[in-house]
Amino acid sequence: MKMLMASMVSMALLAALPMPLLAQQGQIQWPVKPVRVVIPFSPGTPIEVPTRAVTRPMTEAFGQQFVFDYRTGAGGTIGTAIVARSPKDGYTLLANNCSHSANPSFYKKLPYDTLNEFAPVSQINVTYGNLLVVHPSLPVKSVKEFIAFAKSRPGEIKYASGGVGSPPHVSAALFAAMAGVSLVHVPYKGTAPAMSDLLSGQMESMVISPTIVVPYLQAGRLRALGIGGPRRQPQVADIPTLHEAGLTGFDMTCYHGLWYPAGTPQELVRRVAGEVAKAVAMPETRKHLADNGLIAVGSTPEEFTEFLRKDVARQADIVRKIGFQPQ
């Protein structure tokens, strides 16, 4: 009887422990339901490729679905804020790109603290940089010709983006600043509608992920002039880097990663990070990422945290270079 009473008391005490303490003792039973993955952009954006590449193996490993929840708006800040305010129980992940690092410099006041209200899980990949593409109706076939054409028509050439602070916006604005040209930024509520207007010819140019644009290049519906990273992308190896094309030092790459809200038990952060690393290490995953112009990473939470601190500073320097005034 005494043993039974002692057991009952122990169980009651265990039930009363807060989740973080249970996590430290390895007692969390997770996941017991689907995990929500908030994507702060519209469906059809490049971030889906690496996120699906790692959540599919994770679904098999954990035995639960990872369900995408699109919460678009305000350069990704609306969906990101939702995650910051979500329960810290491991059932809400944020999938985001380098706009997460850039937004502190694009907005005077964010509804969250970029570095302190999130627990970095893993950097899935890095990119080769975005491609500078134009509609075929534009009479240019090189970066040099595009710059000359834009200089002859200051303030007339438009470029589309998925929103203020998005990678296409930042990349194009940096291009304009370094090339000394005046281009008109037209932000859209997502990459898909921006691409639609570019393909129709309503927009003359865009700086966009190879993940999305390569099929349109192959079909002749768009023309690529240069790529923003430090090396050429194998899928479009004939397209020079912007550095090679004359914009010395141009280097604007992006990344994709996963975050939990800060305060999520470290046990869960590490478990998910470990599965991301396993997924990224799979030959088929690495090939899928490479086929879409992405370079696999699969970092630890600590590595991702350090990377983010440096990237926030890098993005701030870029925003200063383009002379953007925070909104």
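Calculation rules
The residue count restarts for each chain, going from 1 along the sequence in the order it is written. Reporting of local features is limited, given that this is a predicted model, to residues whose pLDDT is at least 70; pairs of side-chain atoms are given and counted only at 80 or more, and all residues count toward the totals for whole chains, interfaces and linings. As a convention, hydrogens and water are excluded, and side-chain values are obtained from all of the structure's heavy atoms. Pairing between strands requires that DSSP locate at least two bridges from one strand to the other. Each helix is a run of DSSP H or I of at least 4 residues and each strand a run of E of at least 2, with the numbering of both proceeding from the N terminus. For every element, the axis is a line fit to its C-alpha atoms; helices are fit only across the contacting stretch, and the angle between N-to-C directions ranges from 0 to 180 degrees. We call two residues in contact whenever any of their non-hydrogen atoms come within 4.5 Å of each other. Note on terminology: disulfide denotes any pair of cysteine sulfur atoms within 2.5 Å. For every residue, the accessible area obtained with a 1.4 Å probe (protein chains only) is divided by the maximum for its type, and the residue is called buried under 20%, exposed over 50%, and partly exposed between those limits. A side-chain nitrogen of Lys or Arg and a carboxyl oxygen of Asp or Glu constitute a salt bridge if their distance falls within 4 Å. Polar contacts here mean pairs of N or O atoms no more than 3.5 Å apart (in protein, one a potential hydrogen donor and the other a potential acceptor; neighbouring residues in sequence count only if both atoms are side-chain atoms).

Turning our attention to the sheet that holds strand β6 (residues 158-161). Read across the open sheet, the five strands follow the order β7-β6-β8-β5-β9; overall the sheet is mixed. Here the strands that pair on one side only, and so sit at the sheet edges, are β7 (184-187) and β9 (223-227). The mean angle between the axes of side-by-side strands here comes to 30°, regardless of whether they run parallel or antiparallel. Note: strand β5 (residues 131-134) against β9, four bridges, orientation antiparallel. Bridge pairing in β9 places Val133 opposite Ala224. Lying on the sheet, helix α9 (residues 210-218) is in contact with β5, β8 (205-208) and β9; it crosses β5 at an angle near 40°.

Quick look at the state of the cysteines now. Under the defined criterion, the tally for this structure stands at one disulfide. Residue pairing for Cys98: its cysteine sulfur links by disulfide to Cys254, the two sulfurs lying 2.0 Å apart. An S-S torsion of about -105° defines the bridge between Cys98 and Cys254 as left-handed. Taken together, the positions of Cys98 in the loop between β3 (92-97) and α5 (99-106) and Cys254 in the loop between β9 and β10 (255-261) put the pair 156 residues apart, joining distant regions of the chain. A single burial state applies to Cys98 and to Cys254, both of which are buried.

For the coordinates displayed, the defined rule picks out twelve salt bridges. Across the salt bridge formed by Lys158 and Glu204, the nearest N and O atoms sit 3.3 Å from each other. Linking Lys158 in strand β6 with Glu204 in the loop between α8 (191-200) and β8, this pair joins segments that are 46 residues apart in sequence. Relative accessible area serves as the criterion here: at 25%, Lys158 is assigned to the partly exposed category. For Glu204, a relative accessible area of 17% corresponds to the buried category.

What follows concerns the side chain of Thr55. With respect to the helices and strands, the residue Thr55 is situated in helix α3 (residues 48-62). Using a relative accessible area of 5% as the deciding quantity, one classes Thr55 as buried. Among the polar contacts made by the side chain of Thr55, one reaches the main-chain carbonyl oxygen of Thr51 at a distance of 2.8 Å. Each residue touching Thr55, except ones within four places of it in the same chain, is listed here: Val37, Phe66 and Phe68.

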